[in-house]
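Observations on the model geometry
The primary structure of each chain is shown beneath.
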2 protein chains.
Amino acid sequence: MTLSEENYLKVIYHLSADLQVISTNAIADKMQTKASSATDMIKKLSEKGLVAYKKYQGVTLSETGVHAARMIVRKHRLWEVFLVDKLAFAWDEVHEIAEQLEHIQSEELINKLDDFLGNPIVDPHGDAIPDRTGKMTLTKQRVLADLPEGDGGHLVGVKDSSAAFLQYLDKQQLTLGSRIQVLEKEAFDESMVLDVNGRQKSVSQKIARQLLLD
Amino acid sequence: MTLSEENYLKVIYHLSADLQVISTNAIADKMQTKASSATDMIKKLSEKGLVAYKKYQGVTLSETGVHAARMIVRKHRLWEVFLVDKLAFAWDEVHEIAEQLEHIQSEELINKLDDFLGNPIVDPHGDAIPDRTGKMTLTKQRVLADLPEGDGGHLVGVKDSSAAFLQYLDKQQLTLGSRIQVLEKEAFDESMVLDVNGRQKSVSQKIARQLLLD
DNA sequence: AAATATTTTTAGACAAATCTAAAAATAGAT
DNA sequence: ATCTATTTTTAGATTTGTCTAAAAATATTT
């Protein structure tokens, strides 16, 4: 599989979390390219049996497509763990480098890396890491914004992994693993007052929508 | 710099160890491509100021070209140390993977990796690793085949890093660091009888030409 | 349901890196 | 020194992934 094919496959995989059928435009948007380019690549992925495709009807990943995509995601997230745990990168600095490392071709390498890291289950952003068979131990997570007053849990993941957002969380000392409880939920703007490890913090709904609790 | 440019640059750099001016054919051979392709790439590298080039007169690396090549070699060798020291790969298994990893773009990554590995000076094959400025602490090495009877030293490197040769050395228990002394040198075929860590071994001239002692 | 707007595909062009075949320059042989 | 052989370059074609512009299909609006 070429680098470009891998990137398209990964984009389709991530879009599949929200949509059952993926449109050409959705793919083109995520790839920051034109619809005509997306069509070309879709045809290629279809010929290789990685996606099911009918003209004008959008795309769905085949079983082999899902597996191939999971292997790329596995590599990406394992490298992120390496960068943060072993090389002391901050969690907002690792995405671009992992985007490159995820394309290194060697199953033995990635399995040895997995062992070296202690077979982690989640990456530095709380996202599940597929194991060498493609399975991921899903920790059913709830979005903070959906919780009622009084409810709470541990911060185990974030939906937005942009550097800007992660830096905001660092500044607010909202680190992965923090114990969070909803003290108040404002009716008019859905903002929340939280107890975070014993300290009170207020967050907007926009923020609360990005935080995942166990 | 594109992946292909980096590969050509590295090949020219390695050829520069033996030749003062590098011919188009020498480059094409090492790149396993055609002379016409090499000419095209030479022009591109020349336009970028990485090599000095006059038609039909061959190529030499410019100062910036040498530096760029050293940074690629630095990455390659540091990743090899990582694969052997941290992930427990054998020294004959790491070349292909390092060929991929050497193209990952991030100075911060490679410097952090350098620190993580303890700033090693040589890779698993005994080749010097350039530091972050491009300098390498050169351990003046002698080729075993050139030594007279009675002389010796420690095995600090190999000139041939092919998997086949490295596996042969493993089988012969000729590991990096071994204490070697020349007991006899046959006049007619230049083969040698060695003392390797107290045990006697015989090697052909072909082998002795590949082994570097301190 | 017809008209309009949007999405998707096709057709043809382009840049990068490669190739083959032929031409040009250099090197080697007599 | 000239002739031949080798090396190197050029010219033109090919592949991959992209683009623009136009055509075709689908979706939306009135």
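All of the points below concern the structure found in this document. Treat the numbers as computed from the prediction; the structure is a model and nothing was measured. (Residues numbered from 1 in each chain as written. Chains lettered and ligands numbered in written order. Predicted model: local features only at pLDDT ≥ 70, side-chain atom pairs only at ≥ 80, totals over all residues.)

Turning our attention to the overall build of chain A. A count of helical and extended segments in chain A gives eight helices and eight strands. Across its three principal axes, chain A shows a C-alpha extent of roughly 55 × 40 × 25 Å. Within chain A, the fraction of its 214 residues that count as buried is 32%. Considering only contacts within chain A whose residues lie at least 6 apart along the sequence, 55% involve residues at least 24 apart. (Helix = DSSP H or I, 4+ residues; strand = E, 2+ residues; numbered from the N terminus. Buried ≥ 20, exposed ≤ 12 C-beta atoms within 10 Å, placed from the backbone. Contact = placed C-beta atoms within 7 Å.)

Moving on, we get to the sheet that holds strand β4 (residues 152–158) of chain A. The strand order β3-β8-β4-β5-β6-β7 (chain A) describes an open sheet built from six strands, whose pairing is antiparallel. Bordering the open sheet on either side are β3 (142–143) and β7 (199–203) of chain A, each of which pairs with just one other strand. (Pairing = 2+ DSSP bridges.)

Turning next to the packing of helix α1 (residues 3–15) of chain A against helix α2 (residues 24–31) of chain A. All names here are of chain A. Two elements in contact, α1 and α2, have axes whose closest approach is 10 Å; the angle formed by their N-to-C orientations is 115 degrees. The way α1 lies across α2 gives a crossing that is right-handed. Where α1 abuts α2, its residues N7, Y8, V11, I12 and L15 lie against A26, I27, K30 and M31. For the contact of α1 with α2, the per-class residue count stands at seven nonpolar, one polar and one charged. (Axes fitted to C-alpha atoms, helices over the stretch in contact; angles between N-to-C directions. Left-handed = near helix turned anticlockwise from the far one by under 90°. Nonpolar A, V, L, I, M, F, W, Y, C, P; charged D, E, K, R; others polar.)

Okay, the nonpolar core next. Note that soluble globular proteins tend to have their nonpolar side chains buried in a common cluster. Grouped together as the largest cluster of nonpolar side chains are 66 residues, with contacts concentrated most on L83, L211 and L213 of chain A together with L83, L211 and L213 of chain B. Sequence-distant contacts of L83 of chain A, defined by excluding residues within four places in its chain, comprise F89, V94, I97 and A98 of chain A. Grouped together as the second largest cluster of nonpolar side chains are 19 residues, Y8, V51, A68 and A69 of chain A included. (Core = buried A, V, L, I, M, F, W, Y, C linked by C-beta atoms within 7 Å.)

Attention shifts here to the protein's contact with DNA strand C. Taken together, 21 residues lie around DNA strand C, and S23, N25 and S36 of chain A together with T2 and S37 of chain B are the ones closest in. If you list the elements that add at least two residues to the surface near DNA strand C, you get α2 and α3 (35–47) of chain A together with α1 (3–15) and α3 (35–47) of chain B. Sort the elements by how many residues they give to the surface near DNA strand C and α3 of chain B lands first, with five residues. Partitioned by chemical class, the residues of the surface near DNA strand C number five nonpolar, eleven polar and five charged. (Near = placed C-beta within 6 Å.)

The sheet built from six strands is open, its strands ordered β3-β8-β4-β5-β6-β7 (chain B) with antiparallel pairing. On the outer flanks of this sheet lie β3 (142–143) and β7 (199–203) of chain B, each paired with one strand and no other.

Taking 1.5 Å as the rise per residue, helix α4 (residues 63–86) of chain A with 24 residues should run 34 Å; its terminal C-alpha atoms sit 34 Å apart, in good agreement. Among the residues trailing α4 of chain A, A88 of chain A stands out with phi positive, at a value near 65 degrees. (Expected span 1.5 Å × (residues − 1).)

All right, on to the interface of chain A and chain B then. Contacts between the two partners involve 13 residues from chain A and, on the opposite side, 13 residues from chain B. Counting only elements with at least two residues in the side of chain A that touches chain B, the list comes to α5 (95–101) and α6 (107–116) of chain A. Top contributing element to the side of chain A that touches chain B by residue count: α6 of chain A, with four residues. Residues that form the side of chain A that touches chain B fall into these classes: eight nonpolar, three polar and two charged.

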